[in-house]
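Letter by letter, the chains look like this.
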Amino acid sequence: MMTKFVIVDYDKMGETLNVKTEYLKTNIPNPSIEIIDQYNLPFSDKLNQEFKNEVKDFFIKHVHMFILLKNKLMSKLIIMKMEIQLDLKVQVC
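Residues numbered from 1 in each chain as written. Predicted model: local features only at pLDDT ≥ 70, side-chain atom pairs only at ≥ 80, totals over all residues. Heavy atoms only, no water.

### Points about the nonpolar core
Here is step 1 of the chain: Membership of the largest hydrophobic core is limited to 10 residues, which are I7, V8, Y23, L24, I28, I33, I35, I36, Y39 and V55.
Here is step 2 of the chain: Mapped by element, the contributors of at least two residues to this core are α1 (2-11) and α2 (17-27).
Here is step 3 of the chain: For Y39, the residues in contact, after removing those within four places along its chain, are V6, I7, Y10, F51 and K52. (Core = buried A, V, L, I, M, F, W, Y, C linked by side-chain atoms within 4.5 Å. Buried < 20%, exposed > 50% of the residue type's maximum accessible area, 1.4 Å probe, protein only. Helix = DSSP H or I, 4+ residues; strand = E, 2+ residues; numbered from the N terminus. Contact = heavy atoms within 4.5 Å.)

### Focus on the side chain of K20
Here is step 1 of the chain: Structurally, K20 is set in helix α2.
Here is step 2 of the chain: Among the residues examined, K20 registers a relative accessible area of 18% and is labelled buried.
Here is step 3 of the chain: Not counting residues up to four positions away in its chain, the partners in contact with K20 are V8, D9, K12 and E15.

### Topic: the pattern of salt bridges
Here is step 1 of the chain: Within the structure shown, the criterion is met by three salt bridges.
Here is step 2 of the chain: Measuring nitrogen to oxygen at the nearest pair gives 2.5 Å for the salt bridge that ties D9 to K20. In this pair, D9 sits in helix α1 while K20 sits in helix α2, placing the two residues 11 residues apart along the sequence.
Here is step 3 of the chain: Across the salt bridge formed by K61 and D57, the nearest N and O atoms sit 3.1 Å from each other. On the criterion of helical spacing, the pair formed by K61 and D57 is a turn pair, its members being four residues apart in helix α3 (residues 45-92).
Here is step 4 of the chain: For K61, a relative accessible area of 48% translates into the label partly exposed.
Here is step 5 of the chain: On the basis of relative accessible area, D57 is assigned to the partly exposed category, the value being 38%. (Salt bridge = Lys/Arg side-chain N within 4 Å of Asp/Glu carboxyl O.)

### Structural notes on the environment of D87
Here is step 1 of the chain: By secondary structure assignment, the location of D87 is in helix α3.
Here is step 2 of the chain: Accessibility expressed as a relative area gives 41% for D87, which makes it partly exposed.
Here is step 3 of the chain: Here the alpha-carbon distance between D87 and N71, two residues 16 residues apart in the chain, equals 24 Å.

### Topic: the environment of I35
Here is step 1 of the chain: Among the structural elements, I35 can be located in the loop between α2 and α3.
Here is step 2 of the chain: With a relative accessible area of 1%, I35 lands in the buried category.
Here is step 3 of the chain: Sequence-wise, I35 and M65 are 30 residues apart; in three dimensions their C-alpha atoms are separated by 21 Å.

In C-alpha cells, the structure reads:
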C-alpha cells in the first residue's frame, strides 16, 4: 500500500489531499501489486527491475501468509462452533 501512496504523491505532487485520495480510488488498482511497474527510481534499469521484483516477491509472500492464516483461523472457528453445538446437545440429552 505504501508504494501506491508514493506513486499517488509523485503523480499528484502539490495537489490537495482530496485530489490525491480521489486519484488513489479511481486510478490505482486496489488488489494488485502491478502498480509497482509504474514506479521508477532514478537508478539504472537493472536496479529498478530488481527493486520491483523484490517488492512483488515481498507482496506475494505476505499475501500468501495472510491467506493461510485466515483459512487456519476460519477452520479453528468452525471447529469451535461445532464443539460448542455438540457440547450443548450432550447437555440437553
